[in-house]
Amino acid sequence: MPTPHNSAVSGQIAKTVLMPGDPLRAKMIAETFLENVVKFNDVRNMFGYTGTYKGHPISVMGSGMGMPSIGIYSFELYTQYGVESIIRIGSAGAYTDQVKLYDVILADSAYSESSFASTAFGYPEDVQYPDQELTRRLEDAAKKLGIPISKGRIHSSDVFYRGTGSTTFQEIYRDHGCVAVEMESFALFANARYLNKKAACLVTISDSLVTHEATSAEERQLSFTKMMEIALEMAL
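Rules behind the numbers
Residues numbered from 1 in each chain as written. Predicted model: local features only at pLDDT ≥ 70, side-chain atom pairs only at ≥ 80, totals over all residues. Heavy atoms only, no water. Helix = DSSP H or I, 4+ residues; strand = E, 2+ residues; numbered from the N terminus. Buried < 20%, exposed > 50% of the residue type's maximum accessible area, 1.4 Å probe, protein only. Phe/Tyr/Trp six-rings, centres within 6.5 Å; stacked < 30°, edge-to-face > 60°. Lys NZ or Arg CZ within 6 Å of the ring centre and 35° of its normal. Pairing = 2+ DSSP bridges. Axes fitted to C-alpha atoms, helices over the stretch in contact; angles between N-to-C directions. Parallel < 35°, antiparallel > 145°, perpendicular 65-115°, else oblique. Left-handed = near helix turned anticlockwise from the far one by under 90°. Contact = heavy atoms within 4.5 Å. Nonpolar A, V, L, I, M, F, W, Y, C, P; charged D, E, K, R; others polar. Salt bridge = Lys/Arg side-chain N within 4 Å of Asp/Glu carboxyl O. 1 Å grid on protein atoms, 1.4 Å probe; cavity = no way out; pocket = protein on both sides within 12 Å on 5 of 7 lines; lining within 4 Å. Points joined across faces, edges and corners; volume = space filled by probe spheres on them.

A. Region of the structure containing the environment of M61. For M61, the location among the structural elements is in strand β4 (residues 56-61). The buried category is assigned to M61, whose relative accessible area is 0%. Separated by 70 residues in sequence, M61 and D131 have C-alpha atoms that sit 20 Å apart.

Following this line, the structure appears as structure tokens:
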């Protein structure tokens, strides 16, 4: 049944969903990699598509920015549409000069100061984890494709801009071991944990808080293809 945020009906969404933050990136993935594509959602322009990749059904849908947004969309995909696995494929900012622009990071955990998991499910932990099997399959797919990746803890932040006197990225890197920052995975992992579903996260480094290098919006939309190929290959 449709929800207030998703106009899809039963059977239109595959068991595995790739979730970039940007709905235009979802559109690009569908048009570039999938065959027999059908758009299942455009409510609030949060585009969702189902098609086939090498003959296998797969869906791709934007999540929007931040934990409240991905929290809504992923929860509904899991509970209303029978989705079993969600792989977030997004951009992230580097917290260390050991991580370079365009590097692909496979999250082995997500730290956050967010109250999302506590408020939604009573989970007090400040670290949430992806599904181990799904993460291993993504790692295996990367090896099969010959695409180098790194594994590490990422920081899921509730805020993009921080004022003077707030916790710095250097402190988060030092105290929590986070190699990069994004804004969604902690909530996705918490939802999957609560619902006994699977979730994982691949991010591509779009900018560095250390060196101040950055990619453009167009580069982020069109050039982050390696993590997409890994996620699609894993879905086979």
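Let us keep going from here.
B. Up close: the packing of aromatic side chains. Scanning the entire structure with this criterion turns up seven aromatic pairs. Measuring from ring centre to ring centre gives 6.5 Å for F47 and Y49, while their planes differ by 55 degrees; the resulting arrangement is tilted. Residue F47 shares its accessibility class with Y49, and that shared class is buried. Each member of the aromatic cluster is reached from another via a ring pair, and the members are F116, F121, Y123 and Y194. Just above the ring of Y123 sits the side chain of R193; from NZ or CZ to the centre is 3.6 Å.

C. Expanded view of the pairing of strand β3 (residues 48-53). Burial analysis of β3 places six of its six residues in the buried class, which makes it a mostly covered element. Here β3 shows no split at all, with G48, T50 and T52 on one side and Y49, G51 and Y53 on the other all buried. The pairing of strand β2 (residues 35-41) with β3 spans four bridges and is antiparallel. The residue bridging N41 from the neighbouring strand is G48, located in β3. Hairpin connection of β2 to β3: six residues between the antiparallel strands, including R44 at a positive phi of 60 degrees. Pairing analysis gives six bridges linking β3 to β4, with the strands arranged antiparallel. What sits directly across from Y53, in β4, is H56.

D. Examining the packing of helix α4 (residues 132-145) against helix α8 (residues 225-235) more closely. Their axes nearest at 8 Å, the elements α4 and α8 cross at an angle of 110 degrees. On the basis of the axis angle, α4 is roughly perpendicular to α8. Both α4 and α8 take part in a crossing whose hand is right-handed. Here L134, R137, L138, A141, A142, K144 and L145 of α4 come into contact with α8, specifically with E229, I230, A231, E233 and M234. Along the lines of polarity and charge, the residues of the contact of α4 with α8 split into eight nonpolar, no polar and four charged.

E. Summary view of the pattern of salt bridges. Tallied over the entire structure, the rule returns 13 salt bridges. Residues E233 and K54 are paired through a salt bridge, measuring 3.2 Å at the closest nitrogen-oxygen approach. Remark: K54 occurs in the loop between β3 and β4 and E233 occurs in helix α8; sequence separation between them is 179 residues. Judged by its relative accessible area of 54%, K54 falls in the exposed class. Taking the shortest distance from any N to any O, the salt bridge between E113 and R162 comes out at 3.0 Å. Placement of the pair is E113 in the loop between β6 (104-111) and α3 (116-121) and R162 in the loop between β8 (150-156) and α5 (169-176), with a sequence separation of 49 residues.

F. Expanded view of the layout of surface pockets. Its volume calculated, the largest pocket comes out at about 940 Å³. Taken together, 35 residues form the lining of the largest pocket, with S91, F160, M183, S206 and D207 sitting closest to its centre. Where the lining of the largest pocket is concerned, the elements lending two or more residues are α1 (23-33), β5 (85-94), β9 (178-182), β10 (198-208) and α7 (217-222). At five residues, β5 tops the list of elements feeding residues into the lining of the largest pocket. Looking at side-chain class alone, the lining of the largest pocket contains twelve nonpolar, 14 polar and nine charged residues. The wall of the second largest pocket is formed by E125, V127, Q128, Y129, P130, D131, F189, A192, R193, N196, K197 and A199. Counting only elements with at least two residues in the lining of the second largest pocket, the list comes to β7 (127-128) and α6 (185-195). At three residues, the largest contribution of residues to the lining of the second largest pocket is made by α6.

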